[in-house]
Amino acid sequence: MAESICRALRDGAVEGEHAPALTIKDSVASPFGFHVFSHVLSQLSSFIFAGKSQSQGLVVVSFSRSPSFYFQLLKDQGIAVAVDVVSSDKRIQILDCYNDPLGWKDKLMDTGNFTGKVSISGTANVNVFKDVKDMDKLYNSIIELGKGLVGGGKNPFSIAIDSVDEMLRHASSVSSVAGLLSNLRSHQQVSSVFWLLHSDLHEARVTAVLEYLSSMVAGLEPIGDLGNLSLVDQHNSKKAKFHVRIKRRNGRVRVMSEEVHIEQSGIKFIPFSSDQGAVNNGLVPKVHFSLQLSEKELKDRANVVLPFEHQGNGKPIQIYDGRRSLADNEHERSVAATEKVKTNDEDSGRGEIIYFRDSDDEMPDSDEDPDDDLDI
């Protein structure tokens, strides 16, 4: 299931439509959203380096981690040989909004009061952004960085934002952040975009807005009842439910679920076992009647003789039509048979049409006046 969303980001945008967008959301009860984000980032990067993705480059907007963290992440994943010379490889660029998001370090350096270490920012693969409050400038910086990444023309690139929470914290309003994400999706060179959200830090309407902008939503929930666990056990729990909701182009929504295990070697996605399937069955609405037939009900249904079925006694089935008795039908049949014999003896080429009007509710023929009973 996690591979499904990675493939959707890899395949990118369809011509004439917005780029696929993924919201990864978690909460303090299941704080594994960044593990999922890192997994998706690594998978998409491997597709790009292998030339199997629609996008030809990746722009990482780092709010919650330093650029060096992502370089080390890609190196640990062993993504192509370009990771070893990542400083010269231009397929991944990082917009650094982590080290100096508000430009305070520059101001302190101007006054001579800043003695911090020089970060990796400012290298060939890292561009420092120092005004995260301005969403318009942030949007322009992302697009310019992406265009420079893939060169001229209309070559597509992907975008990863590791914390929408920081954007919402610095932005003047939710609408400005939503506008930035919407503009990224609609840009003709953006192949795909995904971001991480800690949903319990915001009101429900904020989460709803971001989910509305997304074509895919991946959420993490705790397994079982955390009310019976201590805070230490809750913190040490390394399992969670992983729910994915995918909106299709035809309007349908596909919902999938599996289990996430956080191990020392990395993250693993495991399908629910048969005994855990009962949990998914709880999503079906409960009704007060049975949807299945018992053996007795099946036998009783098989014994019902329908009026159009042959009863097996070798005689033609006579169905009463509610207008004439069966005796009248027998009499008319015998009279018709006698006249037919006489007619066949006299003229075998002569035909006849016999019509019985069923009821007075039928519409009159075309030569009848439907208003002949009116005194006009």
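So, here's what we can say about the structure.

The rules behind the values
- Residues numbered from 1 in each chain as written.
- Predicted model: local features only at pLDDT ≥ 70, side-chain atom pairs only at ≥ 80, totals over all residues.
- Heavy atoms only, no water.
- Helix = DSSP H or I, 4+ residues; strand = E, 2+ residues; numbered from the N terminus.
- Buried < 20%, exposed > 50% of the residue type's maximum accessible area, 1.4 Å probe, protein only.
- Contact = heavy atoms within 4.5 Å.
- Pairing = 2+ DSSP bridges.
- Expected span 1.5 Å × (residues − 1).
- Polar contact = N/O pair within 3.5 Å; in protein donor to acceptor, adjacent residues only side chain to side chain.
- Axes fitted to C-alpha atoms, helices over the stretch in contact; angles between N-to-C directions.
- Phe/Tyr/Trp six-rings, centres within 6.5 Å; stacked < 30°, edge-to-face > 60°.
- Lys NZ or Arg CZ within 6 Å of the ring centre and 35° of its normal.
- Salt bridge = Lys/Arg side-chain N within 4 Å of Asp/Glu carboxyl O.

The number of helices and strands found in the protein chain is 12 helices and 10 strands. Looking at the 376 residues of the protein chain, the share that counts as buried comes to 36%. When contacts within the protein chain are restricted to residue pairs at least 6 apart in sequence, those whose partners lie at least 24 apart make up 72%.

Turning our eyes to something else, we now look at the pairing of strand β6 (residues 190–198). With respect to burial, β6 is a largely interior element, 8 of its 9 residues being buried. By the bridge criterion, 6 bridges tie strand β1 (residues 21–26) to β6 in an arrangement that is parallel. Bridge pairing in β6 places isoleucine 24 opposite leucine 196. Taken together, the 5 bridges between strand β5 (residues 157–161) and β6 define a ladder with parallel strand orientation. Among the inter-strand pairings, isoleucine 161 is bridged to a residue of β6, identified as tryptophan 195.

Residue placement: glycine 33 occurs in helix α2 (residues 33–49). Using a relative accessible area of 0% as the deciding quantity, one classes glycine 33 as buried. C-alpha of glycine 33 to C-alpha of leucine 197: the two residues are 164 residues apart in sequence and 7.8 Å apart in space.

Relative to strand β9 (residues 253–263), strand β8 (residues 239–247) runs antiparallel, the two sharing 9 bridges. Directly across from valine 244, in β9, lies its bridge partner methionine 256. Here 5 bridges tie β9 to strand β10 (residues 266–270), and the two strands are oriented antiparallel to one another. Each bridged residue has a counterpart across the sheet, and for histidine 261 the counterpart in β10 is lysine 268. Linking two consecutive strands that pair antiparallel, namely β9 and β10, is a turn of 2 residues.

Over its 16 residues, helix α5 (residues 135–150) extends 23 Å from the first C-alpha to the last, a length consistent with the 22 Å expected when each residue adds 1.5 Å. Of the residues that open α5, the one with a side-chain oxygen 3.1 Å from the backbone nitrogen of aspartate 136 is aspartate 134. Two residues or fewer past α5, glycine 151 is found with a positive phi of approximately 85°.

If you trace the backbone, serine 163 turns up in the loop between β5 and α6 (164–170). Polar side-chain contacts of serine 163 include one of 3.3 Å to the backbone nitrogen of glutamate 166. Discounting chain neighbours no more than four positions away, the residues touching serine 163 are Phe63, Ser64 and Leu196.

Here we have 10 strands laid out as an open sheet, ordered β4-β3-β2-β5-β6-β1-β7-β8-β9-β10, and mixed in their pairing. Both edges of this open sheet fall to β4 (126–128) and β10, since each of them pairs with a single strand only. Taking each pair of neighbouring strands and ignoring which way they run, the sheet shows an average axis angle of 20°. Both strand β3 (residues 92–96) and β4 contribute to a ladder of 3 bridges, which runs parallel.

Glancing now at the packing of aromatic side chains. Inspection of every chain in the model, using the stated rule, returns 5 aromatic pairs. Aromatic side chains phenylalanine 34 and phenylalanine 69 sit 5.6 Å apart centroid to centroid with 50° between the ring planes, which places their arrangement in the tilted category. With phenylalanine 34 in helix α2 and phenylalanine 69 in helix α3 (residues 67–77), this residue pair connects regions lying 35 residues apart in the sequence. Seen in terms of ring centroids, phenylalanine 37 and phenylalanine 194 are 5.3 Å apart; in terms of plane orientation they differ by 50°. Their pairing is tilted. Of this pair, phenylalanine 37 sits in helix α2 while phenylalanine 194 is found in strand β6, placing the two residues 157 residues apart along the sequence. As far as the burial class goes, phenylalanine 37 and phenylalanine 194 line up, both buried. The ring of phenylalanine 47 is capped by arginine 10, whose NZ or CZ atom sits 5.2 Å from the centre of that ring.

Another aspect to go through is the pattern of salt bridges. Pairing between side chains becomes possible if they bear opposite charge and their charged atoms approach one another. Under the definition given, this model contains 8 salt bridges. The partner of arginine 245 in a salt bridge is glutamate 211, with the nearest N and O atoms 3.3 Å apart. Within this pair, whereas arginine 245 is found in strand β8, its partner glutamate 211 is found in helix α8 (residues 204–212), the two being separated by 34 residues in sequence. Classification of arginine 245 by relative accessible area gives partly exposed; the value is 29%. On the basis of relative accessible area, glutamate 211 is assigned to the buried category, the value being 13%. Through salt bridges with shared partners, a single ionic network connects Lys25, Glu211 and Arg245.

Everything listed here is a matter of coordinates, which is why it stays silent on function.
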